Amino acid sequence: MVKIIGIVGNNSTKSTNRTLMQYIARRYKEQAEIDLFEVRDLPMFNKPSNGQIPEKAKEIAAKIEVADGVIISTPEYDLSIPAALSSALAWLSYNIYPFVDKPVMIVGASYGALGSSRAQQHLRSILNAPVIRAIVMPGNEFLLGHSLQAFDENGDLIFPEKVKQLDGYFVDFLKFIRVTEVLSSSHESNVQEAANFYADQFDLQAQRSEKR
């Protein structure tokens, strides 16, 4: 069975993005094994002087590496993703590279009418960063607006058109996962490129320091 990591991109106690990810895990349990991870499980990123990575980050990275794909649910704060999600992605690309060539599907819920469209675009840019290098499913945006009214008492999505849309996107994502499996010839090189990115930055900084 396909294995997917679902990332709840919000550290709030009450989050409709968490409800959305829990709904996805339940609805598609016959098609995929979906394990959820909370960004609130990681400390805020602060580049460690000793290079040590939190054990929880290593654990999550290991799960992402062996997963077939990742689904990230993000709200929108000030036209962007939450600081907690940005911080989690920073840990998951600091001397570890689980997202390289990993297929990713982005979804999002927000209280307003627009869903999380601008945050999703921001997240796409971050996932394309040289040290992350994920393969984000193109085109599809699942934007769940008015999310406070979108779920019943059991946490099930009650907007029929959104259920139909999500069903279609999930089928597309399973197909996208299969497509990306044949694009793995340069995976080791891509991981090395990601690892070299910060190494090159450190070398450049060292050269500048020597010239002073």
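Residues numbered from 1 in each chain as written. Predicted model: local features only at pLDDT ≥ 70, side-chain atom pairs only at ≥ 80, totals over all residues. Heavy atoms only, no water.

The chain goes by NAD(P)H-dependent oxidoreductase in an unreviewed UniProt entry, where it is assigned to Facklamia lactis.

A. Expanded view of the UniProt feature "domain: NADPH-dependent FMN reductase-like" (unreviewed entry) in the chain. Within this numbering scheme, the UniProt entry marks residues 2–147 as carrying the feature "domain: NADPH-dependent FMN reductase-like" (unreviewed entry). In this annotation, residues 2–147 is assigned 30% helix and 21% strand; the end-to-end C-alpha distance for the span is 28 Å. (UniProt positions renumbered as here; feature names shortened; annotations may be inferred. Helix = DSSP H or I, 4+ residues; strand = E, 2+ residues; numbered from the N terminus.)

B. Quick peek at a nonpolar patch on the surface. Residues Val 179, Val 182 and Leu 183 make up a contiguous nonpolar surface patch of roughly 290 Å² in combined accessible area. Structurally, the position occupied by Val 179 is in helix 5 (residues 160–181). (Patch = residues over 30% accessible without salt bridge, like charges linked within 9 Å, V, L, I, M, F, W, Y side chains within 5 Å. Areas by Shrake-Rupley, 256 points an atom, 1.4 Å probe, with all protein chains shown as cover. Salt bridge = Lys/Arg side-chain N within 4 Å of Asp/Glu carboxyl O.)

C. Representation of the pattern of salt bridges within the structure. Per the stated rule, a full pass over the model turns up nine salt bridges. With its nearest N and O atoms 3.5 Å apart, the salt bridge here joins Glu 59 to Lys 63. Taken as a pair, Glu 59 and Lys 63 lie in helix 2 (residues 55–66) at a separation of four residues, close to a single helical turn. Here the salt bridges share partners, and the residues they tie into one network are Arg 18, Glu 38 and Arg 40.

D. Highlighting the pairing of strand 1 (residues 2–8). Counting buried positions along strand 1 gives five out of seven residues, so the element sits mostly inside the fold. Read from strand 1 through helix 1 (residues 16–27) to strand 2 (residues 32–38), the crossover connection turns out right-handed. Here strand 1 pairs with strand 3 (residues 69–73) via five bridges, running parallel. Bridge pairing in strand 3 places Ile 5 opposite Val 70. (Buried < 20%, exposed > 50% of the residue type's maximum accessible area, 1.4 Å probe, protein only. Right-handed = clockwise from strand over helix to strand, strands pointing away. Pairing = 2+ DSSP bridges.)

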